[in-house]
Amino acid sequence: QVQLVESGGGLVQPGGSLRLSCAASENIFSLYVMGWYRQAPGKQRELVANITSGDSTNYADSVKGRFTISRDNAKNTVYLQMNSLKPEDTAVYYCNARSPPIYGMDFWGKGTLVTVSS
């Protein structure tokens with residue numbers, strides 16, 4: 001069972017930056033797609049960014065040019081660097097690990113709250 005623990009959330013002013021971290025309990029990056037999702041009050045959970053074992057990345061249109069996903073294999077950790085934050089970015093951010101489709105495994109962290117407000 002893969003366990004994921006997020007950290008780095010908090011209160012930040014518009015235009016500010018935060019860096020979220022997701023620590024995995026074991027080395028899974030050779031097979032799993034790692035992703036960050038977020039859920040704001042009254043809205044569906046949405047994909048923010050993901051990264052494959054080959055470092056291919058995808059971003060939601062709303063965060064392109066502002067957010068960057070990366071990983072450190074030696075530390076079993078994935079990061080989300082968030083710059084130029086907007087109030088609309090306020091949400092609980094969740095780390096996700098997804099296995100190849102044949103295995104059908106999907107793991108989630110408990111989330112970390114990001115609040116963008118003056």
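Presented here is an overview of the structure given in this document. Residue positions are given per chain, counting from 1 as you read along its sequence in written order. Selection of residues for local features in this predicted model requires a pLDDT of at least 70, selection of side-chain atom pairs for listing and counting requires 80 or more, and totals for whole chains, interfaces and linings are taken over all residues. Side-chain metrics in this entry use all non-hydrogen atoms of the structure; hydrogen atoms and water are not considered.

Some remarks on the state of the cysteines
When the sulfur atoms of two cysteines come within 2.5 Å, that pair is taken as a disulfide. Scanning all chains against the criterion turns up 1 disulfide. The partner cysteine of Cys22 in its disulfide is Cys95, sulfur to sulfur 2.0 Å. Torsion about the S-S bond of the Cys22 and Cys95 cystine: about -80°, corresponding to left-handed handedness. Note that Cys22 is positioned in strand β3 (residues 18-24) and Cys95 in strand β9 (residues 91-98), a separation of 73 residues in sequence. Given a relative accessible area of 1%, Cys22 falls into the buried group. Between buried and exposed lies partly exposed: a residue is buried under 20% and exposed over 50% of the maximum accessible area for its type, with that area taken using a 1.4 Å probe on protein chains only. Of the residues examined, Cys95 reaches a relative accessible area of 0% and is grouped as buried. The helix count covers DSSP runs of H or I at least four residues long, the strand count covers runs of E at least two residues long, and both are numbered beginning at the N terminus.

So, the nonpolar core
By size, the foremost hydrophobic cluster in this structure holds 31 residues, and its most contacted members are Leu4, Met34, Trp36, Leu80, Met82 and Tyr93. If you list the elements that add at least two residues to this core, you get β3, β4 (33-39), β5 (46-51), β7 (67-72), β8 (77-82), β9 and β11 (112-116). Contact criterion: two residues are considered in contact whenever any of their non-hydrogen atoms come within 4.5 Å of each other. Discounting residues that sit within four places of it in the chain, Met82 has contacts with Gly16, Ser17, Leu18, Leu20, Arg66, Phe67, Tyr93 and Val114. Residues belong to a common nonpolar core when they are buried Ala, Val, Leu, Ile, Met, Phe, Trp, Tyr or Cys residues joined through side-chain atoms within 4.5 Å.

So, unusual backbone geometry
Positive phi, close to 70°, is recorded for Asp55, a residue that is not glycine. Residue placement: Asp55 occurs in the loop between β5 and β6 (57-59). Notably, Asn76 is not glycine yet its phi reads approximately 50°, a positive angle. Along the chain, Asn76 falls in the loop between β7 and β8.

A closer look at the sheet that holds strand β1 (residues 4-7)
Backbone-to-backbone hydrogen bonds pair the strands of a sheet. The strands run either parallel or antiparallel. Strand order in the open sheet made by the 4 strands is β1-β3-β8-β7, with antiparallel pairing throughout. Edge positions in the sheet fall to β1 and β7, since each of these pairs with one other strand and no more. Each strand axis lies, on average, 15° off the axis of its neighbour in the sheet, ignoring direction. Here a strand pair is declared whenever DSSP counts at least two bridges between the two strands. Two strands pair when backbone bridges link them, and β7 and β8 are joined in this way by 6 bridges, in the antiparallel orientation. Counted as the bridge partner of Thr68 is Gln81 from β8. Only the stretch in contact is used when a helix axis is fitted, and all axes are lines through C-alpha atoms; the angle between N-to-C directions ranges over 0 to 180 degrees.

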